[in-house]
Amino acid sequence: MPLQAGIAGLPNVGKSTLFNAITAAGAETANYPFCTIDPNVAVVEVPDRRLGVLFDLMKPRRAVPTAFEFVDIAGLVRGASKGEGLGNQFLSHIREVDAIIEVVRCFEDEEVVRVPGTGDPLEDIETVNLEFVLADYAAIERRLEKTIKAARGDRALEPEVDFQRHLLGVLEEGQFASKAPRGEREERLLAGYQLLTSKPMLYVCNVSEDAMPEGAGLPAVARVREFASSQGAEVVVVSAKVESEIAALEEPDKSEFLRDLGLEESGLDRMIHAAYGLLGLGTFFTGNEKEVHAWTFHRGWKAPRCAGQVHTDFEKNFIRAEVASFDDVVACGGVHGAREAGKLRIEGKDYVVQDGDVCFFRAG
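If you're wondering where the values come from, they're calculated on a predicted model, not measured in any experiment.

How would you summarise the pairing of strand β9 (residues 291–298) if you had to cite specific residues and measurements?
For β9, the buried fraction is high: seven of the eight residues fall into the buried class. When strand β3 (residues 62–64) meets β9, the two strands line up parallel, connected through three bridges. The residue of β9 that forms the bridge with Arg62 is Glu291. With seven bridges connecting them, strand β8 (residues 281–287) and β9 associate as antiparallel partners. From the neighbouring strand, Thr283 faces β9, where its bridge partner is Thr296. Counting the residues between successive antiparallel strands, the hairpin from β8 to β9 contains three residues.

Shown next as structure tokens:
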């Protein structure tokens, strides 16, 4: 199953507009809360210029990019953790994603209705994040009751009881579960709980066109950046309205429009890259006469596990991998040149694959 990033936030902050621009999937948008009820899901390509370079060098029939799923989740409101505005249903959608992209309204537009009680971007963030914390607190509270009962007959569960109590204390203070100190065992437990506040988070400031690039001069953006920095999170500034216009353009008009805005790449591409990096992902490549293919992997994976991305049998029956870096393949004019120059190395089961590696797996 592809990795997923959920686009979340208050109603009318531009989530669905942003989603449409990313995917051209036609998610419904409207000027009233709860326009989106069921989550819209779309698979998007991860932009990577290296794939095009390898395609030109290797001259296969096609190039296959790696992909990422974005999920457009309906707007949350105060009380969502208790079911307000169908909140429980929406929060359950967010639990299923790997990372959260929280869209924050940093633009003024009298024609776009604001949810009552909002106006300050940090208050908006606090509203959404508090609902995440409250929902997780309730989830851990229920889980703790069950674990305490189970531990009466199995003392091996006592450390889990202690950890769950510790998590409740962290959440009670309004902190994210990701801030809880933990060891390797607790890390595995936390991953199994699927808590909202344990997921990596990216804040996206949605600004008006005249604030591009990077929300220059906007106090709201500066405040979001300061807050995100204190949480160890990242910020990307986009104008959802502008990105919709960019998405409708073809080259070379698209590049020219970006240059006029002072940008090297679209905000959407930056957001995709940030979400990709947020999960600690990298890309390796394979190729033959039929296709050059980009593959997603978690940084730190060894060669057999990466081989399993290509085919499950490759991991089970892994023998070795022939590996060259992207830079070496380009410098040598292709894979054949890299092999002749001794840059195509033989690696075994303990080799940790690096971002940009060009791999040829051998399996029994």
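Give a detailed account of the environment of Asn129, specifying residues and quantitative values.
Inspection of the secondary structure puts Asn129 in helix α4 (residues 121–151). Assessed through its relative accessible area of 7%, Asn129 is described here as buried. As for Asn129 and Glu102, which are separated by 27 residues in sequence, their C-alpha atoms are 9.3 Å apart. Those residues in contact with Asn129 that lie beyond four places of it in its chain are Glu102, Phe176, Met201, Tyr203 and Phe227.

Let's hear about the nonpolar core: which residues, and what values?
Phe68, Phe70, Ile101, Leu167, Tyr203 and Met271 are the most contacted members of the largest nonpolar core, which totals 79 residues. Here this core gets eight residues from one element, more than from any other, and that element is α4. Apart from the residues within four sequence positions on either side, Phe68 is in contact with Leu3, Gln4, Ala5, Ala42, Val43, Val44, Val46, Ala275, Tyr276, Leu279 and Leu281.

Hey, could you go over a negative patch on the surface for me, with residue numbers and the actual values?
Residues Glu250, Glu251, Asp253, Glu256 and Asp260 make up a contiguous surface patch of negative charge. Within the secondary structure layout, Glu251 lies in the loop between α8 (240–247) and α9 (253–260).

How would you summarise the packing of aromatic side chains if you had to cite specific residues and measurements?
Applying the stated criterion across every chain yields a total of seven aromatic pairs. Where Phe163 meets Tyr193, the ring centres are 6.4 Å apart and the plane angle is 25°; that geometry is what we call stacked. Pair noted here: Phe163 is in helix α5 (residues 158–172) and Tyr193 is in helix α6 (residues 184–193), with a separation of 30 residues, a long-range link. A relative accessible area of 7% places Tyr193 in the buried class. Linked through ring pairs, Phe284, Phe297, Phe318 and Phe361 together constitute an aromatic cluster.

Summarise the pattern of salt bridges; cite the residues concerned and give the values.
When their charged atoms lie close together, side chains carrying opposite charge are able to pair. Scanning the entire structure with this criterion turns up 14 salt bridges. For the salt bridge of Asp120 with Arg223, the shortest nitrogen-to-oxygen distance reads 3.2 Å. Of the two residues, Asp120 sits in the loop between β5 (99–105) and α4 while Arg223 sits in helix α7 (residues 219–231), which places them 103 residues apart along the sequence. Of the residues examined, Arg223 reaches a relative accessible area of 37% and is grouped as partly exposed. Between Glu322 and Arg362 there is a salt bridge, with the nearest N and O atoms lying 2.7 Å from each other. Pair noted here: Glu322 is in strand β10 (residues 318–325) and Arg362 is in strand β12 (residues 357–363), with a separation of 40 residues, a long-range link. Each member of the salt-bridge network shares a partner with another, and the members are Asp48, Arg50, Arg299 and Asp355.

Conventions used here
- Residues numbered from 1 in each chain as written.
- Predicted model: local features only at pLDDT ≥ 70, side-chain atom pairs only at ≥ 80, totals over all residues.
- Heavy atoms only, no water.
- Buried < 20%, exposed > 50% of the residue type's maximum accessible area, 1.4 Å probe, protein only.
- Helix = DSSP H or I, 4+ residues; strand = E, 2+ residues; numbered from the N terminus.
- Pairing = 2+ DSSP bridges.
- Contact = heavy atoms within 4.5 Å.
- Core = buried A, V, L, I, M, F, W, Y, C linked by side-chain atoms within 4.5 Å.
- Patch = residues over 30% accessible without salt bridge, like charges linked within 9 Å, V, L, I, M, F, W, Y side chains within 5 Å.
- Areas by Shrake-Rupley, 256 points an atom, 1.4 Å probe, with all protein chains shown as cover.
- Salt bridge = Lys/Arg side-chain N within 4 Å of Asp/Glu carboxyl O.
- Lys, Arg positive; Asp, Glu negative; His and termini not counted.
- Charge placed at Lys NZ, Arg CZ, Asp CG, Glu CD.
- Phe/Tyr/Trp six-rings, centres within 6.5 Å; stacked < 30°, edge-to-face > 60°.

From the geometry alone we can't say anything about function, so treat these as descriptive.
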